[in-house]
Amino acid sequence: MAKAYENNPDLNAARAALRAIDENVTIAKAGMRPRVTGVAEADASRTDLDVGRANLIGQHTGSRRTEVITSSYGITISQQIFDGFQTLYRVRAAEANVLANRESLRAQEISILLAAVESYANIARDQTVVSIRKQNIAFLKEQVKAANARLNVGEGTRTDVSLAEAELAAANALLTAAVSSLKQSEAAYVQIVGETPKGIKQPSSAKKAMPRSLDNAVATGMQENPNILAAMRGADAAGFNVKEAEGAMLPGVSLQGSVYKSVNTEDGPQDNLRGAVSARLTVPIYQGGAEYGQIRQAKERLGESQLLVDSARMEVQRTIASAHAQYEAATASIAAIRVQISAANEALNGVIEERNVGQRTTLDVLNAQQNVLDAQEDLAAVQRNAVVASYSLLAATGSLTVRSQGLDVAEYRSEVHFEAVKDKWFGLRTIDAR
């Protein structure tokens, strides 16, 4: 889990996406800050004037040319004083969206940790199945030898030998399938964890942060599950969006100041420096009805967000109940299957002894061995299910985290980037100097 938390590319991509969303707060705050614009202009004009007296055919005997080059440069500063609280609510909506996406990131972290547990448990199960099937092949080879030996001394039949050989061939095919499943599980592990699996052992069910009961699990999930919290933050953002839309109906006040310097040639007017300060009051009266539609739209989206909160709560409750039931069933099945294995082994030993004295057939031995094999594989599958169900229960309650499980890895703190960028006024580089 620690390796997956640190190396998984999907998780790192989600963290980068959250850092991009953090910038929406800075973008929204731009509406509160001044806007500064520099302007530079240059104009050139030429005038030809006829001067002197006209000759006999009406042409002037002289002319005068005037060239004027005018350049100006200046700066304009504008500041929004009041915009119907639109910027204020835009900032709050952006902040609420950041919090919602933090919870979405936490949900993805939990999902990756659970996927790491599942991939590890799958490999442990598949390794056990491969080992069981190899042992079965060794057992069946001995049965083939024994059947041939009995045939040679006249105690068995060719049918016994054929049955043992057929069972051995089927066991080889099953081993090939088990090895294929193991390779697939190992590939999934590499995708999630980022490393090839080494030293895989049979894991135990979750112990840390496990709820005491189903009611306790549901209560914890209602408070801690990130999907619920993300939906609630999304509803907060939708509420602020309604306030922002309503702000379009309110008046706005802005200030603007400018300073310009004009520089002219000798033939032009004198250089001058001029400045101006203006205040503007804007009162919206009617804007084609778009503002009303936007307000209604925002209210409908708020209603949608509130319903999604209820949906998330119901989904979390269902997931917790399902995981809890699966965990209890798997735990009970482990004890039952272990008793079954013990009994099946005793039965197998008895059938072999009875076969040796002629009271049982080779088919009886093969059937008894198959019962042992099935029980052992069932145990491997149920052990895997118990591990995955226990961690699924933790994931559903929102408790499958780096901190709760004491993982030896640095916890990613999304608020560090947010605090670094939320009040930045300028700068092109990210906080990691890109």
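The structure presented is a predicted model; accordingly, all values stated were derived computationally and were not measured. (Residues numbered from 1 in each chain as written. Predicted model: local features only at pLDDT ≥ 70, side-chain atom pairs only at ≥ 80, totals over all residues. Heavy atoms only, no water.)

With 22 residues, helix H6 (residues 226-247) extends 31 Å from end C-alpha to end C-alpha; this agrees with the ideal 32 Å at 1.5 Å per step. Considered for burial, the residues of H6 that qualify are Pro226, Ile228, Leu229, Ala230, Ala231, Ala235, Ala237, Ala238, Val242, Glu244, Ala245 and Gly247. Each element contacted by the buried residues of H6 is listed here: helix H3 (86-152), helix H5 (214-224) and helix H7 (290-356). You can read the cap of H6 off the contacts: a side-chain oxygen lies 2.9 Å from the backbone nitrogen of asparagine 227, and it is on asparagine 225. (Helix = DSSP H or I, 4+ residues; strand = E, 2+ residues; numbered from the N terminus. Expected span 1.5 Å × (residues − 1). Buried < 20%, exposed > 50% of the residue type's maximum accessible area, 1.4 Å probe, protein only. Contact = heavy atoms within 4.5 Å. Polar contact = N/O pair within 3.5 Å; in protein donor to acceptor, adjacent residues only side chain to side chain.)

To continue, consider the layout of surface pockets. Within this model, the largest pocket holds a volume of roughly 350 Å³. What lines the largest pocket is a set of 16 residues, among which Arg106, Glu109, Glu411, Tyr412 and Ser414 lie closest to the centre. Among the elements of the structure, H3, helix H9 (402-405) and helix H10 (414-421) are those that each provide at least two residues to the lining of the largest pocket. Sorting elements by how many residues they give to the lining of the largest pocket places H3 first, with six residues. Here the lining of the largest pocket is built from residues that sort into six nonpolar, two polar and eight charged. (1 Å grid on protein atoms, 1.4 Å probe; cavity = no way out; pocket = protein on both sides within 12 Å on 5 of 7 lines; lining within 4 Å. Points joined across faces, edges and corners; volume = space filled by probe spheres on them. Nonpolar A, V, L, I, M, F, W, Y, C, P; charged D, E, K, R; others polar.)

Glancing now at the nonpolar core. Ile320, Leu348, Tyr391 and Leu400 are the most contacted members of the largest nonpolar core, which totals 63 residues. Counting only elements with at least two residues in this core, the list comes to helix H1 (2-7), helix H2 (9-29), H3, helix H4 (158-193), H5, H6, H7 and helix H8 (362-397). Here the element with the most residues in this core is H3; it accounts for 16 residues. Residues in contact with leucine 400, not counting those within four places in the same chain, are Met1, Ile110, Leu113, Leu114, Tyr391, Leu394, Ala395 and Gln405. Core analysis: the second largest hydrophobic core is formed by eight residues, Ala330, Ile341, Leu379 and Val382 among them. (Core = buried A, V, L, I, M, F, W, Y, C linked by side-chain atoms within 4.5 Å.)

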